[in-house]
Amino acid sequence: MEIKIALAGNPNSGKTTLFNNLTGSRQRVGNWPGVTVEKKEGPLKGTNDVTIQDLPGIYSLSPYSLEEVVSRNYLVNEKPDAILNIIDGTNIERNLYLTTQLLELGIPVVVAVNMIDLVERNGDKIDLNRLSQELGCPVMAVSALKGKGTKEVVAKAIEVAKKHQVAPIPEIYDKTVMSALSKIESALQMQIDDSMVRWYSVKVFERDERIDEFLKLTDEKKAKIEPIIKKVEEILDDDAESIITSQRYDYIGTIVQHSVKKKGSKHELSV
Ligand code: GDP
Ligand code: K
Ligand code: MG
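Notes on the structure in this doc start here. Everything quoted here is computed from the prediction, not taken from an experiment.

## A short note on helix H11 (residues 240-259)
Taking 1.5 Å per residue, 20 residues should reach 28 Å; H11 reaches 29 Å between its end C-alpha atoms and fits that length. Listing the buried residues of H11 in full gives Ala240, Ile243, Ile244, Gln247, Arg248, Tyr251, Ile252, Ile255, Val256, His258 and Ser259.

## Let's talk about the site of ligand 1
The full set close to ligand 1 counts 15 residues, and Asn12, Lys15, Thr16, Thr17 and Asp117 are the nearest of them. Between ligand 1 and asparagine 114 there is a distance of 3.0 Å, counted from an oxygen atom to a side-chain nitrogen or oxygen. Residue aspartate 117 places a side-chain N or O atom 2.8 Å away from a nitrogen atom belonging to ligand 1. When the free accessible area of ligand 1 is taken as 580 Å², the share hidden by the protein chains comes to 71%. Of all the secondary structure elements, the ones that give two or more residues to the shell around ligand 1 are helix H1 (15-23) and helix H4 (116-122).

## Here's the deal with the environment of threonine 51
Along the chain, threonine 51 turns up in strand E4 (residues 50-54). Residue classification places threonine 51 among the buried residues on the basis of a relative accessible area of 6%. Measuring from C-alpha to C-alpha, the distance between threonine 51 and threonine 17 comes to 16 Å, with 34 residues separating the pair along the chain. What threonine 51 contacts, discounting residues up to four positions off in sequence, is Glu2, Ile3, Lys4, Ile5, Arg28, Glu41, Gly42 and Pro43.

## Description of the sheet that holds strand E2 (residues 28-31)
The pairing of strands in a sheet happens through backbone hydrogen bonds and is either parallel or antiparallel. One open sheet holds the seven strands; their spatial order is E2-E3-E4-E1-E5-E6-E8, and the pairing between them is mixed. A single partner strand is all that each edge strand has here, and the edge strands are E2 and strand E8 (139-141). This sheet shows a mean twist of 25 degrees between the axes of neighbouring strands, independent of strand direction. Across three bridges, strand E6 (residues 109-114) lies against E8 in parallel orientation. For valine 113, the partnering residue across the bridge sits in E8 and is alanine 141. On the sheet, helix H3 (residues 92-103) packs against strand E1 (3-9), strand E5 (82-88) and E6 and is oriented at approximately 165 degrees with respect to E5.

## Here's the deal with the packing of helix H7 (residues 175-188) against helix H8 (residues 197-205)
Axis angle and axis distance: for two packed helices, these are the angle between their axes and the distance between the axes, and together they describe the pair. One way to put it is that H7 packs onto H8 with a least axis distance of 9 Å and a crossing angle of 110 degrees. Considering the angle they form, H7 stands roughly perpendicular to H8. Across the interface between the two elements, Met178, Ala180, Leu181, Ile184, Glu185 and Leu188 of H7 pack against Val197, Arg198, Tyr200, Ser201, Val202, Val204 and Phe205 of H8. Classifying every residue of the contact of H7 with H8 gives ten nonpolar, one polar and two charged.

## Examining the packing of aromatic side chains
Overall, the coordinates contain four aromatic pairs when judged by the stated rule. Taking 4.7 Å as the distance between ring centres and 15 degrees as the angle between the ring planes, the aromatic pair formed by tyrosine 97 and tyrosine 249 counts as stacked. Of this pair, tyrosine 97 sits in helix H3 while tyrosine 249 sits in helix H11, placing them 152 residues apart in sequence. Exposure remark for tyrosine 97: the relative accessible area of 13% places this residue in the buried category. On the numbers, 5.5 Å between centres and 70 degrees between planes, the contact of tryptophan 199 with tyrosine 200 is edge-to-face. In terms of burial, tryptophan 199 and tyrosine 200 fall into one category: buried. An aromatic cluster of at least three residues, connected via ring pairs, comprises Trp199, Tyr200 and Phe214. Directly above the aromatic system of tryptophan 32 lies the positively charged group of lysine 39, at a separation of 4.4 Å from the ring centroid. Over the aromatic face of tyrosine 97 sits the side chain of arginine 248, whose NZ or CZ is 5.9 Å from the ring centroid.

## Notes on the environment of glutamate 104
Following the sequence through the fold, glutamate 104 ends up in the loop between H3 and E6. Overall, glutamate 104 belongs to the buried group, its relative accessible area being 0%. Once the C-alpha coordinates of glutamate 104 and tryptophan 199 are considered, the two residues, 95 residues apart in sequence, prove to be 5.2 Å apart. Among residues more than four places away in sequence, those in contact with glutamate 104 are Ile169, Pro170, Ile172, Tyr173, Ser195, Arg198, Trp199, Val202 and Arg248.

About the criteria used
- Residues numbered from 1 in each chain as written.
- Chains lettered and ligands numbered in written order.
- Predicted model: local features only at pLDDT ≥ 70, side-chain atom pairs only at ≥ 80, totals over all residues.
- Heavy atoms only, no water.
- Helix = DSSP H or I, 4+ residues; strand = E, 2+ residues; numbered from the N terminus.
- Expected span 1.5 Å × (residues − 1).
- Buried < 20%, exposed > 50% of the residue type's maximum accessible area, 1.4 Å probe, protein only.
- Near = heavy atom within 4 Å.
- Polar contact = N/O pair within 3.5 Å; in protein donor to acceptor, adjacent residues only side chain to side chain.
- Areas by Shrake-Rupley, 256 points an atom, 1.4 Å probe, with all protein chains shown as cover.
- Contact = heavy atoms within 4.5 Å.
- Pairing = 2+ DSSP bridges.
- Axes fitted to C-alpha atoms, helices over the stretch in contact; angles between N-to-C directions.
- Parallel < 35°, antiparallel > 145°, perpendicular 65-115°, else oblique.
- Nonpolar A, V, L, I, M, F, W, Y, C, P; charged D, E, K, R; others polar.
- Phe/Tyr/Trp six-rings, centres within 6.5 Å; stacked < 30°, edge-to-face > 60°.
- Lys NZ or Arg CZ within 6 Å of the ring centre and 35° of its normal.

The structure is reproduced here in structure tokens:
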């Protein structure tokens, strides 16, 4: 069976370094269809049935840049067998913004905490077990530059791919938003793949126009959904997209507080 692993992460998280480490010289380089965004893929070193698909570096799965649109179209339409999410260990909080979105896609995810050599040199502490527990997916330390932990992390990605080991959808949103999402979810149910329902419902809640188009939402359906969104905006006194962003950051803040300790900071890892 052919296995496809997508490498996703923020710009400068070490994606290219990891990709080169995993694929060596057997790379195919081109462009994504219709756009001048570089596309790179290649077989995992020493294998013929595992393909590593490099995705453009992105901070979010929103529709605001070509890179974001390319990455999310690939993830949603091609559905790789697993996502290897590389994050910069010296900048975990910002990087987890994308991670939480990837976890909503219903695709198996493994997180590679990169630059671990720098983290150690700085004297920061990352509780990987705790981070894994909080995110609900495997989390492993790597140094793409030094080739440390890279074999292990890709082996884990292959394992979750083979087992279809999808992490539970993270519990990010408060009751008001959740209640709206579940109403949207039931309105959408008939049209989409079950495992991706959460991701789509969040995007519809955010009024992501490309998603409306993609789902070919009828005017009737849109008219049913709009008041659900409006009501939440009234209650929480903010626009839908900002509501999602700020609840996502709150959720990440708690995770980071539990699992990351910067050297010299007074706070102890809280339980
Ligand atoms: P990309 O933008 O995600 O493709 O990131 P790159 O692979 O280009 O890496 C960005 C920078 O971080 C480069 O200067 C890399 O040499 C460096 N880098 C990548 N991985 C590591 C690592 O594990 N440790 C250290 N110290 N530097 C790294
Ligand atoms: K770069
Ligand atoms: Mg790169």
